[in-house]
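Chain by chain, the residues run as shown.
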Amino acid sequence: MFKAIVSAETLKTALDSVSVLVDECKIHLNEDGISIRAVDPANVGMVDLSLDATAFESYEADGGLIGVNLTRLEDIAGMADSGQLIELELDEETRKLHIQIDGLEYTLALIDPDSIRQEPDIPDLDLPAEVVIEGKDIDRAVKAADMVSDHIALGVDATDDQFYVQAAGDTDDVHLELDEGDLIDLQSGDAESLFSLDYLKDMNKAIANDGEVTMELGEEFPVKLHFEIAEGNGNVTFMLAPRIQSD
Amino acid sequence: MFKAIVSAETLKTALDSVSVLVDECKIHLNEDGISIRAVDPANVGMVDLSLDATAFESYEADGGLIGVNLTRLEDIAGMADSGQLIELELDEETRKLHIQIDGLEYTLALIDPDSIRQEPDIPDLDLPAEVVIEGKDIDRAVKAADMVSDHIALGVDATDDQFYVQAAGDTDDVHLELDEGDLIDLQSGDAESLFSLDYLKDMNKAIANDGEVTMELGEEFPVKLHFEIAEGNGNVTFMLAPRIQSD
Amino acid sequence: MFKAIVSAETLKTALDSVSVLVDECKIHLNEDGISIRAVDPANVGMVDLSLDATAFESYEADGGLIGVNLTRLEDIAGMADSGQLIELELDEETRKLHIQIDGLEYTLALIDPDSIRQEPDIPDLDLPAEVVIEGKDIDRAVKAADMVSDHIALGVDATDDQFYVQAAGDTDDVHLELDEGDLIDLQSGDAESLFSLDYLKDMNKAIANDGEVTMELGEEFPVKLHFEIAEGNGNVTFMLAPRIQSD
């Protein structure tokens, strides 16, 4: 059983954070909210999303699992204005999701969850550095790095208590340093890892410019990005595997 | 003789309703206003437009007929800001239309009306159901249907006094029901016909979201859409032939 | 030595006026400001730009010359918001330009000035007619002419004291006449020359709609366009060679 009403804005924000990595996903319809875990086909980027029942106008579920075409579900949600409500109801028999937006009913055929890539285990890493940063600073760093390279190094310099971003191109370089004054919070510890910019650009799309993001970093380790959605009634964690630093 | 001054907005709105179906058309320069009738090359969609002399700032004509390249005329009108006036004057000798926008003069070569597809006779059908609906509801229905199918069924259920839209895709369906409370007016009568969505999408482009549209429907009959333009000083009728419902 | 701080808006405006003609240019870092002269590969359009030290928040230079990739420099400037300041500092040893925008540092490799097309001598022509015109009127004329032709004639009719623009297409024509009342100023003298519309369209991109442009014209002579940028702390001159009028 699954029946819920949610604002278009909340649903879109939640789906966006998953659709930047995958086109299809499994959605767990837990009693206390929905959750999604997914990994991209190359096993480089992972997402773990939870959207609590409190993020919904009304919510009833008893633990089912559905498979959805995310692109399609986002298109449907996109038909609603931000202020509008979206009603979702699962028809267990037909395995279809009925989606209502102000009288308009869309019947979405679900995908067999077994046909969708397995959900990843997102490891519990003990990373030495943690940075709390504004979304707009991630946006700036990613866009600037994109002008010169396909890769981006994220690091923390424990000596100077600085978070830094570095991208080295063939002729030009981009460098951004943010100290404790520029950051919301910094737990210092030496860390530097190189990442594929394509993935970080995709993840950046799901991060609000005015939001805050907690970033956990290590030495040649994955980066973890945590942020809240739905006014604190939902959480997103991205994890991105590092590239081997050659040179 | 033809000489007229009209606001850019009015001219653009009028031309839009024809250009969604055809690239060239004949314009009747009647004493009491202009009128255009046109049918698309496949004989599926027709338009009948009248723009009264009262829609113009000034208007003089004595019954001529000109052939115009609509795309070109729209581009010219597009150079004017919404508030600006457009002066039109026919040069009978050279068969050119002089178009002035704030000192800028565009001389448009006309097309021989005989070289343009014949104007359709738009039949006077006696259709059992009539719905008066907001433009934005047509917009929603057309966009939602477009997500799942190339066709759209429009119907009236006389038992429930409901207007409905239905689109059936391979896996997903879209359904919209509007009762008397959702509609501006409803004259009930059983009706359902299937239409090509491409045509309805084109016609929808010419319908203002905040305007109201009168829709006449029958059982496997053409649909007629009427709406006013130019603050009531003009009228557009679209007629769209039905598709044969298979299955 | 070169070290300067300038608003993003001023830098972008200045670069735009050069980048419409060339992708790379030499920048003279004079004591009293920067200057750029450039000509397009076909030797048809030239630009002469000066941006005074007073246009900068701070400015120090001692006469150097650098070669830059304009497209790249514009992309970098484009990362700044209009209100933001851009810091520029030349590293003489590495021949790189350090560009800082609110903590973000971009290191731009410079180009050997000798590898860039030679700077043109912009001739001091004594042209018989001069028109001072609003940027938006150039914009209208160029856009209208572009609908019918690849060429545009600019002229002054000394008898009627009118500036005119004429474009003749295969079937349609565009004509714009502006008399002293429509212009900011007119120094009459017979003049008419035909120009490639592509170049004028590019130059038009660098002209603000609400700015004023001084246009010097002759009989089958180049046209010169002068306008101020950076609130009068900079000047741009475009010169465009005429096309031979065939007909």
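Above this text you will find the structure in question.
What this report covers is the structure whose coordinates are included nearby. Computed from a predicted structure; not experimentally measured.

**Examining the nonpolar core**
By size, the foremost hydrophobic cluster in this structure holds 241 residues, and its most contacted members are Phe163(A), Phe163(B) and Phe163(C). In this structure, Phe163(C) is in contact with Val131(C), Ile133(C), Leu154(C), Gly155(C), Val156(C), Leu176(C), Glu177(C), Leu178(C), Leu183(C), Met215(C) and Leu217(C), ignoring residues within four places of it in sequence.

**What about the interface of chain A and chain C?**
How big an interface is tends to be stated in terms of accessible area lost as the parts join. Facing 12 residues of chain A, the contacting portion of chain C comprises 14 residues. The largest share of the area that chain A buries against chain C comes from Arg140(A), Met147(A) and Asp172(A), three residues that together contribute 51% of it. Where chain A meets chain C, there are 2 salt bridges. The closest approach of N and O atoms between Arg140(A) and Asp102(C), which form a salt bridge, is 3.9 Å. Summed over the shared surface of chain A and chain C, the result is 9 residue pairs in polar contact (both at pLDDT 80 or more). Secondary-structure elements contributing two or more residues to the side of chain A that touches chain C are helix 3 (135–146) and strand 13 (173–179) of chain A. In terms of residues, the side of chain A that touches chain C owes the most to one element, strand 13 of chain A, which gives 5 residues. When the residues that make up the side of chain A that touches chain C are grouped by side-chain class, the tally is 5 nonpolar, 2 polar and 5 charged. In this structure, strand 13 of chain A lies alongside strand 9 (residues 104–109) of chain C, joined through 4 bridges in antiparallel fashion.

**A closer look at the interface of chain A and chain B**
On the chain B side, the residues contacting the 14 residues of chain A number 12 residues. Across the chain A/chain B interface, buried area totals approximately 1100 Å², and carbon plus sulfur atoms make up 51% of it. Contact with chain B buries area across many residues of chain A, yet Met79(A), Leu104(A) and Tyr106(A) alone supply 39% of it, more than any other trio. Our count for the chain A to chain B interface comes out at 9 residue pairs in polar contact (both at pLDDT 80 or more). Listed by contribution, the elements that provide at least two residues to the side of chain A that touches chain B are helix 2 (70–78), strand 8 (96–101) and strand 9 (104–109) of chain A.

**Section: the pattern of salt bridges**
Enumeration according to the criterion identifies 31 salt bridges over all chains in this entry. Between Lys201(A) and Asp198(A) there is a salt bridge, with the nearest N and O atoms lying 3.8 Å from each other. A residue pair is termed a helical-turn pair when its members lie 3 or 4 positions apart in one helix, as Lys201(A) and Asp198(A) do in helix 4 (residues 197–205) at 3 residues. Beyond isolated ion pairs, a larger network of salt bridges with shared partners links Asp102(B), Glu134(C), Lys136(C), Asp137(C) and Arg140(C).

**Considerations on the relation of the copies chain A and chain B**
The two copies are related by a screw motion: chain A maps onto chain B through a turn of 120 degrees and a shift of 0.2 Å along the axis, at an RMSD of 0.0 Å. Overall, the copies show the geometry of a three-fold rotation axis.

**Topic: the environment of Gln187(B)**
Note that Gln187(B) resides in strand 14 (residues 185–187). In sequence terms Gln187(B) and Glu130(B) are 57 residues apart; their C-alpha atoms lie 5.0 Å from each other.

**Let's talk about the sheet that holds strand 15 (residues 191–196) of chain B**
Strand pairing in a sheet is mediated by backbone hydrogen bonds. Such pairs are either parallel or antiparallel. As summarised here, the arrangement of the 9 strands in space is 5(A)-1(A)-7(A)-8(A)-9(A)-13(B)-12(B)-11(B)-15(B), forming an open sheet in which the pairing is antiparallel. Strands with a single pairing partner mark the edges of an open sheet, and in this sheet they are strand 5 (58–61) of chain A together with strand 15 of chain B. On average, each strand axis in the sheet is tilted by 20 degrees relative to the strand beside it, whichever way the strands run. In this structure, strand 12 (residues 162–168) of chain B lies alongside strand 13 (residues 173–179) of chain B, joined through 7 bridges in antiparallel fashion. When the bridges of strand 13 of chain B are listed, Ala167(B) appears paired with Val174(B). Helix-sheet contacts for helix 3 (residues 135–146) of chain B involve strand 8 and strand 9 of chain A together with strand 11 (151–157), strand 12 and strand 13 of chain B, and the interaxial angle to strand 13 of chain B is about 165 degrees. The strands touched by helix 4 (residues 197–205) of chain B are strand 11 and strand 15 of chain B; relative to strand 15 of chain B, the strand with the most contacts, the crossing angle is about 90 degrees.

**Details of the sheet that holds strand 10 (residues 129–134) of chain C**
Residues and elements named next belong to chain C. Read from one edge of the open sheet, 9 strands run 6-2-3-4-18-17-16-10-14, paired in antiparallel fashion. Edge positions in the sheet fall to strand 6 (64–69) and strand 14 (185–187), since each of these pairs with one other strand and no more. For this sheet, the mean inter-axis angle between neighbouring strands, taken without regard to orientation, is 15 degrees. Strand direction decides the pairing type here: strand 2 (residues 24–30) and strand 6, joined by 6 bridges, are antiparallel. Paired with Lys26 across the bridge in strand 6 is Gly67. Contacts from helix 1 (residues 8–19) reach strand 2, strand 3 (33–39), strand 4 (45–52), strand 17 (223–229) and strand 18 (234–240), with the element oriented near 160 degrees to strand 4. Strand contacts of helix 4 (residues 197–205): strand 4, strand 17 and strand 18, with the helix running at about 175 degrees to strand 18, the strand carrying the most contacts.

**Overview of the packing of helix 3 of chain A against helix 4 of chain A**
All names here are of chain A. Put simply, helix 3 and helix 4 touch, their axes get as near as 10 Å, and they point 145 degrees apart. Crossing of helix 3 against helix 4: the hand is left-handed. Contacts between helix 3 and helix 4 involve Ile138, Asp139, Val142, Ala145 and Asp146 from the former and Leu197, Leu200, Lys201 and Asn204 from the latter. Here the residues of the contact of helix 3 with helix 4 are counted per class, giving 5 nonpolar, 1 polar and 3 charged.

**Section: helix 4 of chain B**
Residue and element names in this part refer to chain B. Restricting attention to buried positions, one finds in helix 4 the residues Leu197, Tyr199, Leu200, Met203 and Asn204. Along helix 4, the residues classed as buried sweep out an arc of 160 degrees about the axis, all on the same side. Looking at the buried residues of helix 4, the elements they touch are strand 4 (45–52), helix 3, strand 11, strand 15, strand 17 (223–229) and strand 18 (234–240).

Basis of the calculations
- Residues numbered from 1 in each chain as written.
- Chains lettered and ligands numbered in written order.
- Predicted model: local features only at pLDDT ≥ 70, side-chain atom pairs only at ≥ 80, totals over all residues.
- Heavy atoms only, no water.
- Core = buried A, V, L, I, M, F, W, Y, C linked by side-chain atoms within 4.5 Å.
- Buried < 20%, exposed > 50% of the residue type's maximum accessible area, 1.4 Å probe, protein only.
- Contact = heavy atoms within 4.5 Å.
- Buried area = accessible area lost by both parts, 1.4 Å probe.
- Salt bridge = Lys/Arg side-chain N within 4 Å of Asp/Glu carboxyl O.
- Polar contact = N/O pair within 3.5 Å; in protein donor to acceptor, adjacent residues only side chain to side chain.
- Helix = DSSP H or I, 4+ residues; strand = E, 2+ residues; numbered from the N terminus.
- Nonpolar A, V, L, I, M, F, W, Y, C, P; charged D, E, K, R; others polar.
- Pairing = 2+ DSSP bridges.
- Least-squares fit on C-alpha atoms with pLDDT ≥ 70 in both.
- Axes fitted to C-alpha atoms, helices over the stretch in contact; angles between N-to-C directions.
- Left-handed = near helix turned anticlockwise from the far one by under 90°.
- Arc of directions from axis to C-beta.

Keep in mind these numbers describe shape, not what the thing actually does.
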